[in-house]
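Commentary on secondary and tertiary structure
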Amino acid sequence: MPSVAFESQVVPQAGSEDAPVWPQSVVTVVGNPRAGSRTAAAAASVAELLASELGTPYRIDELIDLVTFAPAIFQGDDHAELQNAIDLVSSASVIVVATPVYKGSYTGLLKSFLDVLRPSALAGSVVVPVTVSAAPSHKLLADQHLRPVLAELGASVPVPGVILEERDLEDLQVVLSSWIRANAGIIQATTIALQPVAEPTPAR
């Protein structure tokens, strides 16, 4: 768990009409083709700190490291782990999508996973892009290329992505603290706005 703790400033009071319905799930997707990558560690920190700042009823469901079932993604297999990942992201309230910057864009592994999702699979979800680059000159490219694909799948991306350079990973929680404080309220407000409205009970 991250060592930096935040007192939530944005969570509605219990019983409030604006309080999110339990559960609001935070799912993390990592598109680095190396298992146990620093990209995965950074994404986990973003998800944990964000869920902590949002408070109850936001909970972390799972970190999906796509490399662990990459053959199924590329071959289109009916694979249990792939189907579980699809189900998780299709029902998540908040999705942290992380990728290193490869050849000036996000990875083919992440693109292949997004390609297997059904149209509008991310409708109703807020997505937070996280990118990690080796060179400052490339650090914005993956985020810029990823956002149109997320929008095509119906996702809401209401805040700036978490744009990291490799040197930021050495003191990651300090780097993330200002981002979390600036954007957690917007993320929560958007998830509340995207909740389905209950149908009124017909009068008898």
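Preceding block: the structure.
These remarks concern the structure in this document. Keep in mind that what you see is a predicted model, and the values were worked out from it rather than measured. (Residues numbered from 1 in each chain as written. Predicted model: local features only at pLDDT ≥ 70, side-chain atom pairs only at ≥ 80, totals over all residues. Heavy atoms only, no water.)

Let's talk about the pairing of strand E3 (residues 94-100)
Judged by how many residues are buried, E3 sits mostly within the fold: seven of seven residues are covered. Strand direction decides the pairing type here: strand E1 (residues 24-30) and E3, joined by five bridges, are parallel. Considered in E3, the bridge of Val27 is made with Ile95. Sheet analysis places E3 next to strand E4 (residues 126-133), joined by seven bridges and oriented parallel. (Buried < 20%, exposed > 50% of the residue type's maximum accessible area, 1.4 Å probe, protein only. Helix = DSSP H or I, 4+ residues; strand = E, 2+ residues; numbered from the N terminus. Pairing = 2+ DSSP bridges.)

Considerations on the sheet that holds strand E5 (residues 162-165)
Backbone-to-backbone hydrogen bonds join strands into a sheet, with any given pair of strands oriented parallel or antiparallel. Spatially, E2-E1-E3-E4-E5 is the arrangement adopted by the five strands of the open sheet, whose pairing is parallel. Looking along the sheet, the strands with just one partner apiece sit at the ends: strand E2 (58-65) and E5. For this sheet the average axis-to-axis angle between neighbouring strands, irrespective of direction, equals 15°. Against the sheet, helix H1 (residues 38-54) makes contact with E1, E2, E3, E4 and E5, and its axis sits at roughly 155° relative to E3, the strand it touches most. The strands that helix H6 (residues 172-194) touches are E1, E2, E3, E4 and E5; relative to E4, the one it contacts most, it runs at about 155°. (Axes fitted to C-alpha atoms, helices over the stretch in contact; angles between N-to-C directions. Contact = heavy atoms within 4.5 Å.)

A short note on empty space enclosed by the protein
Across all of its chains, the model carries one cavity of 30 Å³ or more by this definition. Approximately 40 Å³ is the volume attributed to the largest cavity. Elements represented by at least two residues in the lining of the largest cavity include exactly E3 and helix H4 (108-116). A per-class count over the lining of the largest cavity returns nine nonpolar, no polar and no charged. (1 Å grid on protein atoms, 1.4 Å probe; cavity = no way out; pocket = protein on both sides within 12 Å on 5 of 7 lines; lining within 4 Å. Points joined across faces, edges and corners; volume = space filled by probe spheres on them. Nonpolar A, V, L, I, M, F, W, Y, C, P; charged D, E, K, R; others polar.)

Thoughts on helix H5 (residues 141-152)
Structurally, the α-helix is built with 3.6 residues per turn, so residues lying three or four positions apart point the same way. Listed as buried for H5 are Ala142, Asp143, Leu146, Val149 and Leu150. An end-on view of H5 places all buried positions within 130° of arc, on one side of the element. Structural note: H5 exposes Pro148 and Glu152 on the side pointing more than 90 degrees away from its buried face. On the buried face of H5, the contacting elements are E3, H4, E4 and E5. Immediately beyond the C-terminal end of H5, within one or two residues, lies Gly154, with a positive phi of roughly 95°. (Arc of directions from axis to C-beta.)

Side note on the layout of surface pockets
Taken as a whole, the largest pocket holds about 260 Å³ of empty space. Along its surface, the largest pocket is lined by 13 residues, and Asn32, Arg38, Thr39, Pro100 and Glu166 are the ones closest to its centre. Elements represented by at least two residues in the lining of the largest pocket include exactly H1 and E4. A breakdown of the residues in the lining of the largest pocket according to their chemical character gives six nonpolar, four polar and three charged.

A word on the nonpolar core
Residues Ile64, Leu66, Val89, Phe113, Leu117 and Leu122 are the most contacted members of the largest nonpolar core, which totals 32 residues. Breaking this core down by element, the ones donating at least two residues are E1, helix H2 (70-75), helix H3 (80-91), E3, H4 and H5. Sort the elements by how many residues they give to this core and H3 lands first, with five residues. When residues no more than four places from it in sequence are discounted, the contact partners of Ile64 are Val27, Thr28, Val29, Val30, Phe69, Ala85, Leu88 and Val89. (Core = buried A, V, L, I, M, F, W, Y, C linked by side-chain atoms within 4.5 Å.)

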